2 protein chains.
Amino acid sequence: MPVMPEQPTDRAALRRANLAWVIRVLREQGGLSRAQLAVLSGLSKATVSTLVAELTSRRLVRAGGVAAGGQGRPGQIVELDTDGVRGVGLEVGVDHLAATSVDTAGNVVADRQVPFDVLSAGVERTIDKLAEIAGKELADVVGAYPAGITVSVPGLVDTGRGVVRLAPRLRWREVPLADGLAGRLGFPLDRISVDNDANLSATAEFEAGGMRGTADLVYVTGDFGIGAGVIAGGRLVRGSIGYAGEVGHMSMDPMGPQCSCGRRGCWETQVGLAALFHALTAPGDPVSDPHRPIEERMALIRSRAEHGDQRTLGALHQIGAALGVGVSIVVNVLSPAVVVLGGYFAALPDWLIEPARIEVAARAVVAEAATVRVVGSELGFTAARTGGALAALSRVFDDPTQVPERSEKTEAPA
Amino acid sequence: MPVMPEQPTDRAALRRANLAWVIRVLREQGGLSRAQLAVLSGLSKATVSTLVAELTSRRLVRAGGVAAGGQGRPGQIVELDTDGVRGVGLEVGVDHLAATSVDTAGNVVADRQVPFDVLSAGVERTIDKLAEIAGKELADVVGAYPAGITVSVPGLVDTGRGVVRLAPRLRWREVPLADGLAGRLGFPLDRISVDNDANLSATAEFEAGGMRGTADLVYVTGDFGIGAGVIAGGRLVRGSIGYAGEVGHMSMDPMGPQCSCGRRGCWETQVGLAALFHALTAPGDPVSDPHRPIEERMALIRSRAEHGDQRTLGALHQIGAALGVGVSIVVNVLSPAVVVLGGYFAALPDWLIEPARIEVAARAVVAEAATVRVVGSELGFTAARTGGALAALSRVFDDPTQVPERSEKTEAPA
């Protein structure tokens, strides 16, 4: 497959590419001297010094210690300035709203979550509340430049327009979320994005998770709805209309139970949260009480499994195996190096991820394909908003000139 | 997802990128004047003239007619030189070997296929014969520069080393095919590649098929084995160890028939050629006679279907529906704009592609996802080797300086 340059590069594009390269190398390798940067890049020391000066002025790099060893005069280390720029991720869940901010090293510097009933509040009041939370988050990062805001939504998103096309669990359809937030926050619309929760979770795993840097990685959400975020060759796969990763409605069993989509035997009917609660609880069981926090319900299930409760163990084993069958299909199509299981899957690793792993290994086309790793997410329930914050930062990593220089007038949000 | 520059660009890389850009624009838009190229690129006319001179010297572009219309002095048109460079695709099938050459416009300029029993010949004699055919193909393109050779194989390939890891239908395992060909042909090893047939067929559809240019496209082979070539965002998805697209072993029915891989209900057991022959023929039926050419057997099936033979129609309908269920899974994972069905699927379009299309539309997650197009390949059984020839050309499109200048000594194959 040819990899063609999108368009001829000019001097300004060349400069932006070189600025972005310096940031990328410092993110990957930590602090380096100008001389080391020159050697790695093939650029002259003078060019490197100019690039470093510009990045310093844009608060993306700063002077670190002094390089040890090597020949000649010891050089001043250049390192990421983690105080200058922030990415902000917001999250809309059925029962909560949340916000998180990350610095340029990918560390979370602020995080807040509030219980919120999106279904009863409706669209407008939900966006009001989300803007309020975002405003507090931006106030927390004052002094740093907010590179952008990316909102995670459990649904299908037109990312180009920042519109939520369809989010069945929120009962949202055609909601212009980016517009709504920009207006309420007085934040530039072109720095607000909206994306699907599975896509952003995959981004978070790729950029900051336990398997970060894995170029071929699939993230599977574990919730009432099941979705996947797909990274292939280091790039997020969105598909032609942005609907890639809708694995919850893969047809797994022609005689299986009825799905909310109207068909039978979709993967979601086998491994979604509803299937879990149906399989291991009787009416009145606190585990299936929707008013209890999900973490508490997971803890109850873990406790029962640890005490050898047969109904619990049987249900978990059945779901773990079905999880493995579906994951093996995704593995056959995409051949990822890693499948990260998030949400409730990650909360019950011994009982869900282990059986899934066995099933995937047994179903590998060739022995080598069995080298795919199936792991639980370490980011837990914050993966999606962390991915949002990291996605917001990527705007600056791709083009560092987006951050105003210190001398320039800062375009702060209202 | 950040799209980062791989490394800082330097002057030479910039020049190569600009040369590649000129080729790309001429391939997409046909002939253009230097002035038009300057406007499109933002480069100066002088720079464009230097680029065109270099590409002319490398026999990649040539002078065409004179530009009509526009202001000022009419300009000389620059167009692709389709005589200077060729890409060669070879193909190893169970019962045949083949070669094809394409020019820089993607037109096939030479094609040869010979019946050959790979299983009885064994590895070494097969490579001998393949080298003989490749030698004839190269002799046909003499005078043009052979950009490279890419061999299509129905199996799992280590593309980095040009080694066929596993091709069950050929009974090949760990065959160093690129090495074997380079030695026999005296052709530079670094210009010989080996790749999976589904990947190369997808490449052919993307570059030269009826749906060319579709950035999100999946090709499904219709043969005894079922495989997929996946293009996402304009790039081939190989997966972490190159085994993406192994869709034939997706688990479709836990109670289904035994598969050659040892499991039950793989997609291949439902829609592979063996399933077709099993469903619509009785013992002694010429349709299932392996000694007849596949095209002849397909013609027999078509004729029976056209005459309303109930057994044939019933079997085709059942396979078409199962084809659609599997395609819908691939669509749910990848959300392509187009699924191209090749091999025998394309030979029976009315009876297989139409039912598959209906099934896919019925299984779309949202109405918009039903906009995926399901079409038969127009490239027929030559898709894989055409893809190989195009892949071989891509080396030159990516870096036009690979082609020696006219003044340079041509490194012709022995």
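Note that this is a predicted model, so its numbers are computed, not measured. (Residues numbered from 1 in each chain as written. Chains lettered and ligands numbered in written order. Predicted model: local features only at pLDDT ≥ 70, side-chain atom pairs only at ≥ 80, totals over all residues. Heavy atoms only, no water.)

S.K.: Help me out: how do you make sense of the domain arrangement of chain A in this one?
M.R.: Accessible area lost when the parts come together is the quantity often used to give the size of an interface. Per the domain assignment, the segments making up chain A are domain 1 (11–80), domain 2 (85–202 + 384–402) and domain 3 (213–378). Using C-alpha coordinates to define each centre, domain 1 of chain A is positioned 43 Å away from domain 3 of chain A. (Domains from an automatic or database assignment.)

S.K.: Looking at this structure, how should I read the sheet that holds strand E10 (residues 172–175) of chain B?
M.R.: Pairing between the strands of a sheet is mediated by backbone hydrogen bonds and can be parallel or antiparallel. Residue and element names in this part refer to chain B. Spatial ordering of the open sheet is given by E8-E9-E10, a layout of three strands whose pairing is antiparallel. In this open sheet, the two edge strands, each paired with only one partner strand, are strand E8 (156–158) and E10. Between one strand and the next, the sheet's axes are offset by a mean angle of 20°, whatever the strand orientation. With three bridges joining them, E8 and strand E9 (residues 163–167) adopt antiparallel strand pairing. Bridge pairing in E9 places leucine 156 opposite leucine 166. (Pairing = 2+ DSSP bridges. Helix = DSSP H or I, 4+ residues; strand = E, 2+ residues; numbered from the N terminus. Axes fitted to C-alpha atoms, helices over the stretch in contact; angles between N-to-C directions.)

S.K.: Can you help me understand the packing of helix H1 (residues 11–29) of chain A against helix H3 (residues 45–57) of chain A in this one?
M.R.: Residues and elements named next belong to chain A. Contact geometry for H1 and H3: axes closest at 10 Å, N-to-C directions at 75°. Regarding the angle of H1 to H3, the classification is roughly perpendicular. Taken together, the residues of H3 that come into contact with H1 (itself represented by Arg15, Asn18, Leu19, Val22 and Ile23) are Thr50, Leu51, Glu54 and Leu55. Classifying every residue of the contact of H1 with H3 gives five nonpolar, two polar and two charged. (Parallel < 35°, antiparallel > 145°, perpendicular 65-115°, else oblique. Contact = heavy atoms within 4.5 Å. Nonpolar A, V, L, I, M, F, W, Y, C, P; charged D, E, K, R; others polar.)

S.K.: Just checking my understanding: could you explain the interface of chain A and chain B for this structure?
M.R.: Listed by partner, the interface residues are 70 residues for chain A and 69 residues for chain B. At the boundary of chain A with chain B, total buried surface from both sides reaches about 5900 Å², with 60% on carbon and sulfur atoms. Applying the counting criterion to the chain A and chain B interface returns zero salt bridges. At the boundary of chain A with chain B, the tally comes to 18 residue pairs in polar contact (both at pLDDT 80 or more). Looking at the side of chain A that touches chain B element by element, the count peaks at eight residues for H1(A). Its residues assigned to classes, the side of chain A that touches chain B comprises 38 nonpolar, 17 polar and 15 charged. (Buried area = accessible area lost by both parts, 1.4 Å probe. Salt bridge = Lys/Arg side-chain N within 4 Å of Asp/Glu carboxyl O. Polar contact = N/O pair within 3.5 Å; in protein donor to acceptor, adjacent residues only side chain to side chain.)

S.K.: Explanation requested: the relation of the copies chain A and chain B in the structure shown.
M.R.: The operation relating the pair of chain copies consists of a rotation about an axis and a translation along that axis. Expressed as a screw operation, the relation of chain A to chain B combines 0.0 Å of axial shift with a rotation of 180°, fitting to an RMSD of 0.0 Å. Interpreted geometrically, this transformation is the action of a two-fold axis. An overlap of 99% is found between the interface residues of chain A and their copies at the interface of chain B, pointing to a shared contact surface. (Least-squares fit on C-alpha atoms with pLDDT ≥ 70 in both.)

S.K.: Explanation requested: unusual backbone geometry in the structure shown.
M.R.: Comment: phi is negative for the bulk of residues other than glycine, and the bulk of peptide bonds are trans. With phi around 55°, A:Arg171 is a residue other than glycine that occupies positive phi space. Note on placement: A:Arg171 falls in the loop between strand E9 (163–167) and strand E10 (172–175). In the Ramachandran plot, B:Glu174 falls in the positive-phi region, its phi being about 55° despite a non-glycine side chain. One can find B:Glu174 in strand E10. Relative accessible area serves as the criterion here: at 39%, B:Glu174 is assigned to the partly exposed category. (Buried < 20%, exposed > 50% of the residue type's maximum accessible area, 1.4 Å probe, protein only.)

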